[in-house]
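Structure assessment
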Amino acid sequence: LDKEDRKQKFVEYGLNINLDKMKKDLQKYGIDYDVWFSEQSLYDNNEIEEVLDLLKKSGKTYEKNDALWFKSTDFGLDKDDVLVRNNGIPTYYLGDIAYHYNKFKRRGFDRGINIWGADHYGHIQRLIKALEALGIKDRLEIVTMQLVKIKKGNENLRLSKRKGNSYSLDELIDEIGKDATRFFFNLRAPDSQFTFDLDLAIEESNENPVFYVQYAHARIASILRKIENFDESMVNPDLLVESEEKELLELLSEFPDELELSVSTLDPSRVTKYARNLASAFHTFYNACRVNVEDANLRNTRIALVKAVKQVLKNCAQILGIEAPEEM
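Residues numbered from 1 in each chain as written. Predicted model: local features only at pLDDT ≥ 70, side-chain atom pairs only at ≥ 80, totals over all residues. Heavy atoms only, no water.

**Comments concerning the side chain of R182**
When you line up the elements, R182 lands in helix α7 (residues 178–185). Put simply, R182 is tucked away with no salt bridge, and the nearest opposite charge, on D179, sits 6.6 Å away. A distance of 2.9 Å separates a polar side-chain atom of R182 from the backbone oxygen of L320. Ignoring anything within four residues of it in the chain, the contact list for R182 reads Y29, G30, I31, L320, G321 and I322. (Helix = DSSP H or I, 4+ residues; strand = E, 2+ residues; numbered from the N terminus. Buried < 20%, exposed > 50% of the residue type's maximum accessible area, 1.4 Å probe, protein only. Lys, Arg positive; Asp, Glu negative; His and termini not counted. Salt bridge = Lys/Arg side-chain N within 4 Å of Asp/Glu carboxyl O. Polar contact = N/O pair within 3.5 Å; in protein donor to acceptor, adjacent residues only side chain to side chain. Contact = heavy atoms within 4.5 Å.)

Below you can see the structure in the form of structure tokens.
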């Protein structure tokens, strides 16, 4: 093999190893992609050239300094962007355009949601405008994520990809568990700054939000295990007159709206915050109101109330991809 062939063999070998690790790490986190798409296929199938020809026919390209440019300024952007460099090599920008063309036109997706780092924010509009030039409009949404800082003890870990100082997803899961990892990553809206507190994530206290929510579910399960002969016909919501009971009823009624807002705004942290609020309200209720009282009507009504709380907490846990333990 000549030098280039040897290089290609090493590239393929390293790529397969890294892809396998990425897949295993994501499965460990609870993510299993249906499709893994190879950018190389866009070149192998001449889709890069096809999209380039379509852009040229749209009248939104021009040549300058031996490079091919997209007329981003025709769409209100502040500068035009290079599609093909003066050495004939396509830019990543053109690859992104071709990938999304493949997704919407060839594979027939009606809607696409991308999750990008906030450092790619400036790329959003130029990609959307290039897709508009190809007849693809209002079908791509992009959620930008802020970089996460990691804290251990009183110290923020100094991470740097360039220096090789990193904290991998599988290391994080090994240290604090999948549930804490998933819950903590969803504590804030995607575009909010966030510091991941490793010590707090493994702390068994009310300060740890994932423990607090899971403990509420386990506590209700413990209550229900000790109660016999639940009679649904004796349930009477009018008997729930304590402020702690009313707070639970109000929060339960808000769950469908919170879930709908979480979906429409692409913000799973709404579910996380809701679960924390519901758990907090339940713990307050537990300390103020006894469930297994002598009054049969009130007992059965409170049983129905805590069963509803347990179910909604379980629903939240399933949405967030964490366990809803029966005991802790």
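**Quick notes on the packing of helix α4 (residues 92–106) against helix α5 (residues 124–133)**
Between two packed helices, what matters for the description is the angle formed by their axes and the separation of those axes. Relative to each other, α4 and α5 sit at 55°, their axes nearing to 10 Å. Accordingly, the angle class assigned to the pair α4 and α5 is oblique. Considering how the two elements wind past one another, α4 and α5 form a crossing that is right-handed. Contacts between α4 and α5 involve Y93, D96, I97, H100, Y101 and F104 on the former and, on the latter, R126, L127, A130 and L131. Classifying every residue of the contact of α4 with α5 gives seven nonpolar, one polar and two charged. (Axes fitted to C-alpha atoms, helices over the stretch in contact; angles between N-to-C directions. Parallel < 35°, antiparallel > 145°, perpendicular 65-115°, else oblique. Left-handed = near helix turned anticlockwise from the far one by under 90°. Nonpolar A, V, L, I, M, F, W, Y, C, P; charged D, E, K, R; others polar.)

**Overview of the pairing of strand β4 (residues 112–117)**
Here β4 shows a buried face lined by G112, N114 and W116 and an unburied face lined by I113, I115 and G117. Summarising the sheet, β4 and strand β5 (residues 140–145) pair through six bridges and their orientation is parallel. When the sheet's bridge partners are listed, G112 is paired in β5 with L140. Traced from β4 through α5 to β5, the parallel crossover comes out right-handed. (Pairing = 2+ DSSP bridges. Right-handed = clockwise from strand over helix to strand, strands pointing away.)

**A word on α5**
For α5, the set of buried residues is I124, L127, K129, A130 and L131. The elements touched by buried residues of α5 are α3 (47–57), β2 (67–70), α4, β4 and β5.

**Regarding the layout of surface pockets**
Computed from the structure, the second largest pocket encloses a volume of approximately 200 Å³. Every residue lining the second largest pocket is listed: R219, S222, I223, K226, I227, Y286, C289, R290, V291 and N292. Tallying contributions element by element places helix α9 (residues 209–225) first for the lining of the second largest pocket, with three residues. (1 Å grid on protein atoms, 1.4 Å probe; cavity = no way out; pocket = protein on both sides within 12 Å on 5 of 7 lines; lining within 4 Å. Points joined across faces, edges and corners; volume = space filled by probe spheres on them.)

**Points about the packing of helix α1 (residues 3–29) against helix α6 (residues 169–176)**
Relative to each other, α1 and α6 sit at 35°, their axes nearing to 9 Å. The way α1 lies across α6 gives a crossing that is left-handed. For the pair α1 and α6, the contacting residues are K21, D25, K28 and Y29 in the first and L169, D170, I173 and D174 in the second. Here the contact of α1 with α6 is composed, by residue class, of three nonpolar, no polar and five charged.

**Details of the packing of aromatic side chains**
The description of an aromatic ring pair rests on the distance of the ring centres and on the angle between the ring planes. Tallied over the full model, the rule gives 13 aromatic pairs. Ring centres 5.6 Å apart and planes at 85° place the aromatic pair Y33 and W36 in the edge-to-face group. Between F37 and Y99 the ring centres are 5.0 Å apart and the planes differ by 70°, which places this aromatic pair in the edge-to-face class. Residue F37 is found in the loop between α1 and α2 (40–44), and its partner Y99 is found in helix α4; the two are separated by 62 residues along the sequence. With relative accessibility at 31%, the residue F37 sits in the partly exposed group. (Phe/Tyr/Trp six-rings, centres within 6.5 Å; stacked < 30°, edge-to-face > 60°.)

**So, the nonpolar core**
Most often, soluble globular proteins keep nonpolar side chains buried together rather than apart. The biggest cluster of nonpolar side chains holds 43 residues, and the ones touching the most others in it are F196, L248, L278, F282, F285 and V309. Those elements that provide at least two residues to this core are α6, α7, β8 (194–197), α8 (198–201), α9, α10 (243–264), α11 (269–288) and α12 (296–320). Looking at this core, the element that brings in the most residues is α12, giving nine residues. With near-sequence residues (within four places) excluded, F285 lies in contact with E244, E245, L248, V291, R302, L305 and V306. Residues L68, Y93, L134 and I142 belong to the second largest nonpolar core, which totals 24 residues. (Core = buried A, V, L, I, M, F, W, Y, C linked by side-chain atoms within 4.5 Å.)

**Details of the environment of V51**
Tracing the chain through its elements places V51 in helix α3. Taking the C-alpha atoms as reference points, V51 and I97, 46 residues apart in sequence, are found 7.7 Å from one another. The residues touching V51, leaving out its near neighbours within four places in the chain, are L94, I97, A98, Y101 and L134.

None of the figures reported here should be taken as evidence of function without further support.
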